[in-house]
Amino acid sequence: MPCLTSEVPMPETPSLPAQNRWSPGRTPVAVIMISLNEGHNIQAVLDNLRGWAQEVFLVDSYSADNTVDVALANGVHVVQRGFRGFGDQWNFALRELPVTAPWVMKLDPDERLTDTLKQSITAALTEGDCAGYSFDLRLWFMGKPLPVRQTIVRIWKTGVCRFSDVKVNEHPIVDGLVRQLAGDLEHHDSPSLEHWLAKQNKYTTGEAIATFQGDALSVQPALFGSGLQQRMWLKKNFFRVPGRYTFLFFYNYLILGAWRSGWVGYVWSRLRSDVYRLIEYKLREMRIMGRVPVATISGLGKPDSRVQQYP
């Protein structure tokens, strides 16, 4: 998850030489991704899209690794912009990127399209009988697939979508009919547990800050509304439920069926409960302290010429 930062002026993007331009694939869709330090994912996702997507765009939040190098070497249209929230970044992308394809697809660098999903999308976009399309996202954890799926909206006609203006857990709002397609989008959730924990630490902080500041949810919560409205109602009221973390573990492990993946499914179910526990603890800390946490700097800096250096 990109860190929330102040705005950084966007440098001019140099024109790419002809040999480094993305070779248009057979499907009339512009794939858009946002990134921060996705060097471990970017080549694999571009290989997955090659020959299939008409256009590929990347909005990078000033990665410190080789994310931009790899993307440019593969002919991706890259821009950089300071990150202030997921909804804000996606709305910028839809508003400012020079998309020419008739359809747009939101994709994360750690996601891969199965062949079945590619075929379903290509056929559907040829017909183009609705405003958007949804399909199932299947989770992978520790390199293994989990029997855990979520229906998501990821494709829409160019110009008919906007995102909920929230810091985390943004949702596309499509003007028109959305139809379900066959096939899975695989979500390969982090290359290691260390990476996963670091990402969830940032995510839980963002969720706690949004709640502490009273930010609006993606849609109006309603117990008897749409699926998204019901999820927002549960999100709003989750921390009031007695025994909530025990219930959440058994929901993930038994009802969603993570038990079928053995020890990996058990660990994922426990950690998913811990994610919500961290949100609650961080929110309570903010209410006790009366403020959001002070930003800290991590990682190595450059040698300081004012002090003596030792090898």
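Note that the structure is a prediction, hence the values are computed from the model and not measured. (Residues numbered from 1 in each chain as written. Predicted model: local features only at pLDDT ≥ 70, side-chain atom pairs only at ≥ 80, totals over all residues. Heavy atoms only, no water.)

Structural notes on the packing of helix H7 (residues 244-255) against helix H8 (residues 262-289)
Two elements in contact, H7 and H8, have axes whose closest approach is 8 Å; the angle formed by their N-to-C orientations is 150°. One finds that H7 runs roughly antiparallel with respect to H8. The handedness of the crossing between H7 and H8 is right-handed. Of the residues in H8, those touching H7 at Arg-244, Tyr-245, Leu-248, Phe-249, Asn-252 and Tyr-253 are Gly-265, Tyr-266, Trp-268, Ser-269, Arg-270, Arg-272, Ser-273, Tyr-276, Arg-277, Glu-280 and Arg-284. (Axes fitted to C-alpha atoms, helices over the stretch in contact; angles between N-to-C directions. Helix = DSSP H or I, 4+ residues; strand = E, 2+ residues; numbered from the N terminus. Parallel < 35°, antiparallel > 145°, perpendicular 65-115°, else oblique. Left-handed = near helix turned anticlockwise from the far one by under 90°. Contact = heavy atoms within 4.5 Å.)

Re the nonpolar core
Formed by 34 residues in total, the largest nonpolar core has its most connected members in Ile-32, Val-59, Leu-97, Phe-141, Leu-146, Trp-156 and Trp-268. If you list the elements that add at least two residues to this core, you get strand S1 (27-35), strand S2 (53-60), helix H3 (86-96), strand S6 (132-141), strand S7 (144-157), strand S8 (161-163), helix H5 (193-212) and H8. Ranked by residue count, the leading element in this core is H8, at 6 residues. Setting aside residues up to four positions removed in sequence, Val-59 forms contacts with Met-33, Ile-34, Ser-35, Val-79, Arg-81, Gln-89, Phe-92, Ala-93 and Leu-97. Membership of the second largest hydrophobic core comes to 33 residues, among which are Val-68, Val-70, Met-105 and Leu-185. (Core = buried A, V, L, I, M, F, W, Y, C linked by side-chain atoms within 4.5 Å. Buried < 20%, exposed > 50% of the residue type's maximum accessible area, 1.4 Å probe, protein only.)

Side note on the pairing of S6
Among the 10 residues that make up S6, 8 are buried, leaving the element largely enclosed by the rest of the structure. Strand direction decides the pairing type here: S6 and S7, joined by 9 bridges, are antiparallel. Bridge pairing links Asp-136 to Thr-151 in S7. Hairpin connection, S6 to S7: the antiparallel pair is bridged by 2 residues, and Met-142 has positive phi, about 55°. In terms of strand pairing, S6 meets strand S10 (residues 178-188) through 8 bridges, oriented parallel. Among the inter-strand pairings, Arg-138 is bridged to a residue of S10, identified as Glu-186. (Pairing = 2+ DSSP bridges.)

A short note on a nonpolar patch on the surface
A cluster of nonpolar side chains, contributed by Phe-247, Phe-250, Tyr-251, Leu-254, Ile-255 and Trp-259, occupies part of the molecular surface with about 650 Å² of accessible area. Along the polypeptide, Phe-247 turns up in helix H7. (Patch = residues over 30% accessible without salt bridge, like charges linked within 9 Å, V, L, I, M, F, W, Y side chains within 5 Å. Areas by Shrake-Rupley, 256 points an atom, 1.4 Å probe, with all protein chains shown as cover. Salt bridge = Lys/Arg side-chain N within 4 Å of Asp/Glu carboxyl O.)

Some remarks on the environment of Trp-196
With respect to the secondary-structure elements, Trp-196 resides in helix H5. For Trp-196, a relative accessible area of 1% gives the class buried. C-alpha separation for the pair Trp-196 and Ile-32, spaced 164 residues apart in sequence, amounts to 23 Å.

Side note on the confidence of the model for the protein chain
For the protein chain, per-residue confidence averages 89 on the pLDDT scale, and residues scoring 70 or more make up 94% of the total. Per-residue pLDDT stays below 50 along residues 1-19; that stretch engages in 37 contacts with residues further than four places along the chain or on separate chains. (pLDDT = per-residue confidence, 0-100.)

Focus on helix H6 (residues 227-237)
Because the α-helix completes a turn every 3.6 residues, residues three or four places apart line up on one side. Buried within H6 are the following residues: Leu-228, Met-232 and Asn-237. Summarising the axial view, the buried residues of H6 lie within an arc of 160°, below the 170-degree limit, and thus occupy one face. (Arc of directions from axis to C-beta.)

What to know about the pattern of salt bridges
Taken as a whole and assessed by the stated rule, the structure comprises 17 salt bridges. Residue Lys-199 pairs with Asp-110 through a salt bridge whose shortest N-O separation is 3.7 Å. Taken together, the residues span a long stretch of sequence, with Lys-199 in helix H5 and Asp-110 in the loop between strand S4 (103-106) and strand S5 (111-113) at a distance of 89 residues. Side by side, Lys-199 and Asp-110 carry an identical accessibility label, which is buried. Glu-127 serves as the salt-bridge partner of Arg-179, at 4.0 Å between the closest nitrogen and oxygen. With Arg-179 in strand S10 and Glu-127 in helix H4 (residues 115-127), this residue pair connects regions lying 52 residues apart in the sequence. Among the residues examined, Glu-127 registers a relative accessible area of 57% and is labelled exposed. Three or more residues are tied together by salt bridges with common partners; here these are Lys-106, Asp-108, Glu-111, Arg-154 and Glu-170.

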